[in-house]
Amino acid sequence: MKKFNIKDYQITGSENFNPRNHPTKIKDFYEDKVDYEAILKSLQTEMDELQSIMYAHSKYGVLAVFQAMDAAGKDGTMKAVFQGVHPLGMSFYSFKRPSETELNHDYMWRCYKELPERGKMQIFNRSYYEEVLVVKVHPEILENYQKIPNELKGNDVWKKRYQDIKHFEDYLANNGIVVIKFFLNVSKEEQGNRLIERIEDITKNWKFEEGDIKERGFWNEYQKAYEEMINETSTEKNPWYVVPADDKKNMRLIVAKIIVEKLKELRMSYPEPDESRKLTLLGLIDTIKQQN
Ligand code: ATP
Ligand code: MG
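Residues numbered from 1 in each chain as written. Chains lettered and ligands numbered in written order. Predicted model: local features only at pLDDT ≥ 70, side-chain atom pairs only at ≥ 80, totals over all residues. Heavy atoms only, no water.

> Tell me about the overall build of the chain, and name the residues and values.
Along its length, the chain carries 12 helices and 6 strands. C-alpha atoms of the chain, sized along the principal axes, occupy 70 × 50 × 40 Å. The burial tally for the chain puts 45% of its 292 residues in the buried class. Total accessible area on the chain stands at roughly 16,200 Å², and carbon and sulfur atoms take up 50% of it. Seen as two clouds, the 45 positive and the 48 negative side-chain charges of the chain have centres 1 Å apart. (Helix = DSSP H or I, 4+ residues; strand = E, 2+ residues; numbered from the N terminus. Buried < 20%, exposed > 50% of the residue type's maximum accessible area, 1.4 Å probe, protein only. Areas by Shrake-Rupley, 256 points an atom, 1.4 Å probe, with all protein chains shown as cover. Lys, Arg positive; Asp, Glu negative; His and termini not counted. Charge placed at Lys NZ, Arg CZ, Asp CG, Glu CD.)

Okay, structure coming up:
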């Protein structure tokens, strides 16, 4: 893989995030399909090894959050990036429109239940961030469906949500849960191409939803909501990663590389037994042999 710097994608809140400085397409990290597959494979292997160490180490957990416009490639990216990880070491959860039961709770309730155990990786397909994205773009959701008291639905509701989310992620970090947040940044034009492909290619028809076209009509509102959300919820401890998404292969390599780098930063290792434990274990070899 060509020279990679995680900082090129990282938003820490120290400077204003301006989407115009973050293109949806950049120079490829791979030469051709064969090269792409080789790089991805080696990142998958590395990620699997790091997750195994994390499991044995049993102190840290990882929460990877994916947010993006429709057809940006969330599903395909998750499939490619996590394919090599031991299936018992990870799980996925997709957040849909909240159910009646979920609406009867605070919005974090349904997310909290799905947080990772130490040693494991949990992947969120959408997340609590929908509360400052789709709900902000469609305030009628807050008005007509959400059950928080009317006096708490004022103009400062978004500011409060950003604050609460920041505190929540801080709390997770303080407990050893590493939050890695990805915004898969696709252009409107490329989104259009992919939606058309879902119509033209009958094997993709099942993926096509009329609702996605309606949401596409709110493109500018969503972009504004993403911009504000990223500016308000990026911190040194819990940065956002803005990943160019017009080329799927490139996007997958970048996401995989960021996860590998973040796991390496934790400097975990397999727990080593002390001398007396080593002697005890070696002694047990004879016991096992005698049992044969
Ligand atoms: P795909 O279309 O690839 O299967 P998806 O994530 O788009 O994946 P959908 O079932 O199409 O899944 O969409 C889920 C919908 O639920 C999105 O429109 C999203 O904005 C909406 N949603 C998620 N969380 C909330 C929320 N808290 N309040 C309102 N709507 C939400
Ligand atoms: Mg959808």
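That shown, we press on.
> Before we move on, could you go through the side chain of Lys262 and cite the residues and values that matter?
Relative to the assigned elements, Lys262 resides in helix α11 (residues 248-265). Here Tyr241 takes part through its side chain, which lies 3.1 Å from a polar atom of the side chain of Lys262. Apart from the residues within four sequence positions on either side, Lys262 is in contact with Ile6, Ile180, Pro239 and Tyr241. (Polar contact = N/O pair within 3.5 Å; in protein donor to acceptor, adjacent residues only side chain to side chain. Contact = heavy atoms within 4.5 Å.)

> How would you explain the environment of Phe17 if you had to name every residue and give the values?
By the element assignment, Phe17 lies in the loop between β1 (10-11) and α1 (33-57). The class of Phe17 is buried, set by a relative accessible area of 3%. Each C-alpha atom, one on Phe17 and one on Leu152, is 28 Å from the other, the two residues being 135 residues apart in sequence. In this structure, Phe17 is in contact with Ile11, His22, Glu227, Ile230, Asn231 and Val242, ignoring residues within four places of it in sequence.

> Which residues make up the site of ligand 1, and what are the values?
Neighbouring residues of ligand 1: 15 residues in total, closest Lys74, Lys96, Arg126, Glu130 and Glu131. Within the side chain of Lys74, an N or O atom sits 3.0 Å from an oxygen atom of ligand 1. Backbone polar atom of Arg97 to an oxygen atom of ligand 1: 3.2 Å apart, as the coordinates give it. Compared with its free state, where it exposes 630 Å², ligand 1 has 82% of that area covered by protein. Those elements that provide at least two residues to the shell around ligand 1 are α2 (74-82) and α5 (134-137). (Near = heavy atom within 4 Å.)

> Describe the packing of α2 against α11, with residues and values.
Between α2 and α11, whose axes approach to 9 Å, the crossing angle comes to 50°. In terms of orientation, α2 lies oblique with respect to α11. Along this stretch, α2 crosses α11, giving a crossing that reads as right-handed. Together, Gly76, Thr77, Ala80, Val81 and Phe82 of α2 and Met251, Arg252, Val255, Ala256 and Ile259 of α11 make up the contact between the two elements. (Axes fitted to C-alpha atoms, helices over the stretch in contact; angles between N-to-C directions. Parallel < 35°, antiparallel > 145°, perpendicular 65-115°, else oblique. Left-handed = near helix turned anticlockwise from the far one by under 90°.)

> Describe the pattern of salt bridges, and please don't skip the residues or the numbers.
Across all of its chains, the model carries 20 salt bridges by this definition. Among the ionic pairs, Asp28 bridges to Lys25, the shortest N-O distance being 3.9 Å. On the accessibility criterion, Lys25 (49% relative accessible area) is partly exposed. Its salt-bridge partner being Glu37, residue Lys33 comes within 3.2 Å of it at the nearest N-O pair. One end of the pair is Lys33 and the other is Glu37, both in helix α1 and 4 residues apart, which spans about a single turn. Three or more residues are tied together by salt bridges with common partners; here these are Asp70, Arg126 and Glu130. (Salt bridge = Lys/Arg side-chain N within 4 Å of Asp/Glu carboxyl O.)

> Describe the packing of aromatic side chains, naming the residues involved and giving the relevant values.
Applying the stated criterion across every chain yields a total of 14 aromatic pairs. Consider the rings of Phe183 and Tyr226, whose centres lie 4.3 Å apart with planes at 20°: the pair is stacked. Placement of the pair is Phe183 in strand β5 (residues 177-185) and Tyr226 in helix α10 (residues 219-233), with a sequence separation of 43 residues. Of the two residues, Phe183 and Tyr226, both sit in the buried class. A cation over an aromatic ring shows up here: Lys113 above the ring of Trp109, its NZ or CZ 3.9 Å from the ring centre. We note Lys249 situated over the ring of Tyr36; from NZ or CZ to the ring centre the distance is 5.7 Å. (Phe/Tyr/Trp six-rings, centres within 6.5 Å; stacked < 30°, edge-to-face > 60°. Lys NZ or Arg CZ within 6 Å of the ring centre and 35° of its normal.)

> Hey, could you go over helix α7 (residues 157-174) for me, with residue numbers and the actual values?
The end-to-end C-alpha distance of α7 is 25 Å, a good match for the 26 Å that 18 residues give at a rise of 1.5 Å each. Turning to α7, its buried residues are Val157, Trp158, Arg161, Tyr162, Ile165, Phe168, Glu169 and Leu172. Along the long axis of α7, the arc covered by the buried residues comes to 140°, so they all point the same way. Of the residues in α7, the exposed ones pointing more than 90 degrees away from the buried face are His167 and Asn174. At its buried positions, α7 is contacted by β2 (61-68), α4 (109-112), α5, α6 (139-145), β5 and α10. Trailing α7 by a residue or two, Gly176 shows a phi angle of about 90°, which is positive. (Expected span 1.5 Å × (residues − 1). Arc of directions from axis to C-beta.)

As far as function goes, none of this settles anything; it's purely spatial.
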